[in-house]
Amino acid sequence: MADRNLAEAVDTWDYDLLADELPWSTCYDKDEKPAVLTAWLTRRAPARLRAHNAPDDLLQRLRLIGLMGPARWHDPHWPGYSY
C-alpha cells in the first residue's frame, strides 16, 4: 500500500518537482523544501518502485527530478512539459 501511494505521489508531483517547485502551497522553507523532497525521492523511491514493477516512464521522470538544469531538459526522456 505504501509503495503504491509513493508511485501515485511521484506521478502526481513530477510536474512541479521538475520545475523545482513543491507540489503544495507553503510559506515555510519554500526555497529549501523542494531540494529536501527531491533528495529523499531520488535516493529512496527508485528501489521501492522498481520492486513493485513501476512503469519505466515513472522511473524515468523520477530520475529526471534528480538532474539539474540543461541535463534535465535535454534528456531524451524529458516529458515535454512547458512551464
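Figured I'd write up the structure that's included with this text. Values in this document were obtained by computation on a predicted structure and should not be read as measured data. (Residues numbered from 1 in each chain as written. Predicted model: local features only at pLDDT ≥ 70, side-chain atom pairs only at ≥ 80, totals over all residues. Heavy atoms only, no water.)

### Remarks on the overall build of the protein chain
Phase 1 of the analysis: Along its length, the protein chain carries four helices and zero strands.
Phase 2 of the analysis: Along its sequence from the N terminus, the protein chain presents helices and strands in the succession α-α-α-α.
Phase 3 of the analysis: Taken along the three principal axes of its C-alpha coordinates, the protein chain extends 35 × 30 × 20 Å.
Phase 4 of the analysis: By residue count, 33% of the 83 residues in the protein chain fall in the buried class.
Phase 5 of the analysis: A separation threshold of at least 6 residues defines the contact pool for the protein chain, and within that pool the share at least 24 residues apart is 54%.
Phase 6 of the analysis: Here the protein chain displays about 5500 Å² of accessible surface, and carbon together with sulfur accounts for 54% of that area.
Phase 7 of the analysis: Taken together, the 10 basic and 13 acidic charged side chains of the protein chain have centroids lying 6 Å from each other. (Helix = DSSP H or I, 4+ residues; strand = E, 2+ residues; numbered from the N terminus. Buried < 20%, exposed > 50% of the residue type's maximum accessible area, 1.4 Å probe, protein only. Contact = heavy atoms within 4.5 Å. Areas by Shrake-Rupley, 256 points an atom, 1.4 Å probe, with all protein chains shown as cover. Lys, Arg positive; Asp, Glu negative; His and termini not counted. Charge placed at Lys NZ, Arg CZ, Asp CG, Glu CD.)

### Focus on the packing of aromatic side chains
Phase 1 of the analysis: A full pass over the atoms with the stated rule returns six aromatic pairs.
Phase 2 of the analysis: Look at Y81 and Y83: their rings are 6.4 Å apart centre to centre, the planes differ by 85°, and that puts the pair in the edge-to-face class.
Phase 3 of the analysis: Relative accessible area serves as the criterion here: at 26%, Y81 is assigned to the partly exposed category.
Phase 4 of the analysis: Site record: aromatic cluster; members linked through ring pairs are Y15, W78, Y81 and Y83. (Phe/Tyr/Trp six-rings, centres within 6.5 Å; stacked < 30°, edge-to-face > 60°.)

### As for the packing of helix α1 (residues 2-18) against helix α2 (residues 33-51)
Phase 1 of the analysis: Contact pair α1 / α2: the axes reach a minimum separation of 11 Å and the direction vectors enclose 135°. Between α1 and α2, the angle falls in the class oblique. By crossing handedness, the relation of α1 to α2 is classed as left-handed. Across the interface between the two elements, A2, D3, L6, A7, V10, W13 and L17 of α1 pack against L37, T38, W40, L41, A45, R48 and L49 of α2.
Phase 2 of the analysis: A per-class count over the contact of α1 with α2 returns 11 nonpolar, one polar and two charged. (Axes fitted to C-alpha atoms, helices over the stretch in contact; angles between N-to-C directions. Parallel < 35°, antiparallel > 145°, perpendicular 65-115°, else oblique. Left-handed = near helix turned anticlockwise from the far one by under 90°. Nonpolar A, V, L, I, M, F, W, Y, C, P; charged D, E, K, R; others polar.)

### Focus: the nonpolar core
Phase 1 of the analysis: With 17 residues, the main nonpolar core has L6, V10, L41, A45, L49, L58 and L62 as its most contacted residues.
Phase 2 of the analysis: Mapped onto this core, the elements with two or more residues apiece are α1, α2 and α3 (56-65).
Phase 3 of the analysis: Non-local contacts of V10, meaning those with residues more than four positions away in its chain, are made with L41, L49, L58 and L62. (Core = buried A, V, L, I, M, F, W, Y, C linked by side-chain atoms within 4.5 Å.)

Purely geometric numbers; function is a separate question.
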